[in-house]
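Residue strings, one per chain:
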Amino acid sequence: MYYIVRSADISFEYLNKLSSNAHEVHKLLAKFFNADAPNWRQLNNVLYHSKRLPNAIKLVIKSDVDIDEEAVVLNGFEVVCKYSIEERLSGSTVMLETTVYPCTRNENGKKRLIRGTQERIAWLTNKLTHNDECRIVSIDECEEVCMNVEHTDKSKGCTQIWGYTYEAVVDVQDKEGLLKVINRGIGAEKCYGFGLVEVH
């Protein structure tokens, strides 16, 4: 299930904190799912994307389990709408939107951001079409996104994680296969708001 959640009654200070620190968003989401386990996001297959609006913050959340809508309200937010992704994949041609961290890994497994635009688009194309789930009509790189992550150990300061937002028009060739790609998300750094795929 997908949920669109928007802040309704939070302080301007907390709004700024959520807008500038992905770790704070991650902690907030744990409250929405009454999560106690350290790996709650993976257990519930939760993906999310946050977007700052002029006087609010919007969260798009995907999960295999229901969100606690009462907890959403208690934390100063409201559920604007909810839908299943199957409803959005009814047509043969759809538009996908995703913010991802396109990277490769070196021999030690360390992630490295892909620097070239065409290389990033090729990376995303491969993720979407690896098993002929769809055929790409067009992919546009829309914007560069920076997520700040403050470490629990304040002496380590803040880490910046850069990603990119894409809009892709695709012809669906294998609906079930594409659903699997969307359900697991794309790429790394999912706990910091990357990897969610929306269908328009």
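Our structure's up above, just so we're on the same page.
J.: Give me the lowdown on the overall build of the protein, citing residues and values where you can.
T.: Per the secondary structure count, the protein includes 7 helices and 10 strands. Since a compact globule built from 200 residues should have a radius of gyration of about 16 Å, the 17 Å found for the protein is in line with a globular shape. In terms of its C-alpha atoms, the protein occupies a principal-axis envelope of roughly 45 × 40 × 35 Å. Burial statistics for the protein: of 200 residues in total, 44% are counted as buried. A sequence separation of at least 24 residues applies to 70% of the contacts in the protein between residues at least 6 apart. Summed over all atoms, the accessible surface of the protein reaches about 10,500 Å², with 45% contributed by carbon and sulfur. Distance between charge centres in the protein, computed from 25 positive and 29 negative side chains, equals 5 Å.

J.: Account for helix α6 (residues 117-129), naming residues and giving values.
T.: Helical periodicity: at 3.6 residues per turn, an α-helix aligns residues three or four positions apart in one direction. Here α6 contains 13 residues, and its C-alpha end-to-end distance of 18 Å stays within 8% of the 18 Å for a straight helix at 1.5 Å per residue. For α6, every residue scored as buried is listed here: Arg120, Ile121, Trp123, Leu124, Leu128 and Thr129. On the buried face of α6, the contacting elements are β5 (93-100), β6 (103-105), β8 (134-150), β9 (158-172) and α7 (175-184).

J.: Could you give an account of a positive patch on the surface, with specific residues and numbers?
T.: Taken together, the side chains of Arg105, Lys127, Lys180 and Arg184 present a region of like positive charge at the surface. Within the fold, Arg184 resides in helix α7. What makes Arg184 partly exposed here is its relative accessible area of 49%.

J.: So what's going on with the nonpolar core? Residues and values would help.
T.: Grouped together as the largest cluster of nonpolar side chains are 59 residues, with contacts concentrated most on Val5, Phe32, Leu59, Ile61 and Phe77. Filtering out sequence-adjacent residues up to four positions away, Leu59 remains in contact with Tyr3, Ile4, Val5, Val25, Leu28, Leu29, Phe32, His49, Ser50 and Phe77.

J.: Would you mind going over the side chain of Glu133 in detail, with residue names and values included?
T.: Along the chain, Glu133 turns up in the loop between α6 and β8. Buried within the structure, Glu133 lacks any salt-bridge partner; its nearest side chain of opposite charge belongs to Arg184, at an N-O separation of 4.9 Å. Polar contacts involving the side chain of Glu133 include one to the main-chain amide nitrogen of His130, which spans 3.4 Å. Polar side-chain contacts of Glu133 include one of 3.0 Å to the backbone nitrogen of Asn131. Those residues in contact with Glu133, other than ones at most four positions away along the chain, are Leu128, Val172, Gln173, Asp174, Gly177, Leu178 and Val181.

Criteria and cut-off values
Residues numbered from 1 in each chain as written. Predicted model: local features only at pLDDT ≥ 70, side-chain atom pairs only at ≥ 80, totals over all residues. Heavy atoms only, no water. Helix = DSSP H or I, 4+ residues; strand = E, 2+ residues; numbered from the N terminus. Rg over C-alpha atoms; globule rule 2.2 N^0.38 Å. Buried < 20%, exposed > 50% of the residue type's maximum accessible area, 1.4 Å probe, protein only. Contact = heavy atoms within 4.5 Å. Areas by Shrake-Rupley, 256 points an atom, 1.4 Å probe, with all protein chains shown as cover. Lys, Arg positive; Asp, Glu negative; His and termini not counted. Charge placed at Lys NZ, Arg CZ, Asp CG, Glu CD. Expected span 1.5 Å × (residues − 1). Patch = residues over 30% accessible without salt bridge, like charges linked within 9 Å, V, L, I, M, F, W, Y side chains within 5 Å. Salt bridge = Lys/Arg side-chain N within 4 Å of Asp/Glu carboxyl O. Core = buried A, V, L, I, M, F, W, Y, C linked by side-chain atoms within 4.5 Å. Polar contact = N/O pair within 3.5 Å; in protein donor to acceptor, adjacent residues only side chain to side chain.

In short, geometric facts, not functional conclusions.
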